[in-house]
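# Structural description and commentary
Residue strings, one per chain:
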Amino acid sequence: MTQPTQITVEKTDGIATITLNRPDKMNAYTRTMGEEIIAAMDDIDADDAVRAVIFTGSGDRAFCAGADLTPEGGGQVFSDPSEVKDLSDPKVRDGGGLLTLRLFESKKPLISACNGVAVGVGATMQLAMDIRLASQTARYGFVFARRGIVPEAASSWFLPRLVGISKALEWCYSGRVFDAEEARAGGLVRSLHKPEDLLHDAHDLAREIAENTSAISVAMTRAMMWRLMNADHPMEAHKIDSRAIYRLSRGADAQEGIASFLEKRKPIYPGKVSEDMPDFYPWWEDRPYE
């Protein structure tokens, strides 16, 4: 992984913290930032020492103020400047969607610590994260209709699943910016925190995962929850549940889970996500852009 210029990545005690790092621009999103986050996720997924990931923004004003509307060098803001004849051309692909699709594929749990303004892609990128914490000073906005475009970053898939169709449509139709309490009441965020406590509380949650659970169990659970919630029958979940329990129950992590419980000690799980996922993982087919 090359040294990033618009994010920072810190790994400590099994937790990776990705900080959006353009504080002079309120951490506004660029294609470079998206590419750097994707590269960081590739590195993190390959690093068995990392058990959980926290995302936050640099400074105390913003998590991410949306797409940079004044990008260096000018040009198109929301899409590739090239003209294409076929809309299946990869040049058409939305950069926010490339990011959230990569987050969707993560093998590690993702925690958002939203420390300020989060509008546009600053809000939608968090939808692909698993648990969202917010500062009491955070503000959110799905402002696309006020910019003459539509929700991006696959948020038309993620947002209704998180908050329900009516609330998702209200926020996107109006395009208004709303406060952290409304975000919590609407189900967008798990909890609100004093600004000075936000990262500490996010790290406590990440440590709870890192210190007590099997990395393989968490990776499988993440994939199962995200991918099976749209199955057309609970039988599809039963198939994967059954296969996963059958395989994992014979593994070293299950043995350690039982032994540590009986011996009343913290577990030390030997399994590695990079090497020890069950043989039927992944059970899904990749979806092409076409």
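Residues numbered from 1 in each chain as written. Predicted model: local features only at pLDDT ≥ 70, side-chain atom pairs only at ≥ 80, totals over all residues. Heavy atoms only, no water.

What follows deals with the packing of helix H1 (residues 31-45) against helix H2 (residues 95-104). Following both chains from N to C, one finds H1 and H2 inclined at 15°, their axes separated by 9 Å at the closest point. The pairing of H1 with H2 is recorded here as roughly parallel in orientation. Read as a crossing pair, H1 and H2 show a hand that is left-handed. Here Arg 31, Gly 34, Ile 37, Ile 38, Met 41, Asp 42 and Asp 45 of H1 lie close against H2, whose contacting residues are Gly 95, Leu 98, Leu 99, Arg 102 and Leu 103. (Axes fitted to C-alpha atoms, helices over the stretch in contact; angles between N-to-C directions. Helix = DSSP H or I, 4+ residues; strand = E, 2+ residues; numbered from the N terminus. Parallel < 35°, antiparallel > 145°, perpendicular 65-115°, else oblique. Left-handed = near helix turned anticlockwise from the far one by under 90°. Contact = heavy atoms within 4.5 Å.)

Overall, the coordinates contain 14 aromatic pairs when judged by the stated rule. Taking 5.5 Å as the distance between ring centres and 80° as the angle between the ring planes, the aromatic pair formed by Phe 158 and Trp 226 counts as edge-to-face. Placement of the pair is Phe 158 in helix H4 (residues 155-163) and Trp 226 in helix H8 (residues 215-228), with a sequence separation of 68 residues. By relative accessible area, which is 3% here, Phe 158 ends up buried. Ring centres 6.4 Å apart and planes at 70° place the aromatic pair Tyr 281 and Trp 283 in the edge-to-face group. Sitting over the face of the ring of Trp 284, Arg 227 holds its NZ or CZ atom 3.6 Å from the ring centroid. (Phe/Tyr/Trp six-rings, centres within 6.5 Å; stacked < 30°, edge-to-face > 60°. Buried < 20%, exposed > 50% of the residue type's maximum accessible area, 1.4 Å probe, protein only. Lys NZ or Arg CZ within 6 Å of the ring centre and 35° of its normal.)

This brings us to the side chain of His 193. Among the secondary structure elements, His 193 is positioned in strand E10 (residues 191-193). Residue classification places His 193 among the buried residues on the basis of a relative accessible area of 10%. Engagement of the side chain of His 193 in a polar contact is seen with the side chain of Asp 201, the distance being 2.7 Å. Leave out the neighbours within four places in its chain, and His 193 touches Leu 133, Ala 134, Ser 135, Gln 136, Leu 198 and Asp 201. (Polar contact = N/O pair within 3.5 Å; in protein donor to acceptor, adjacent residues only side chain to side chain.)

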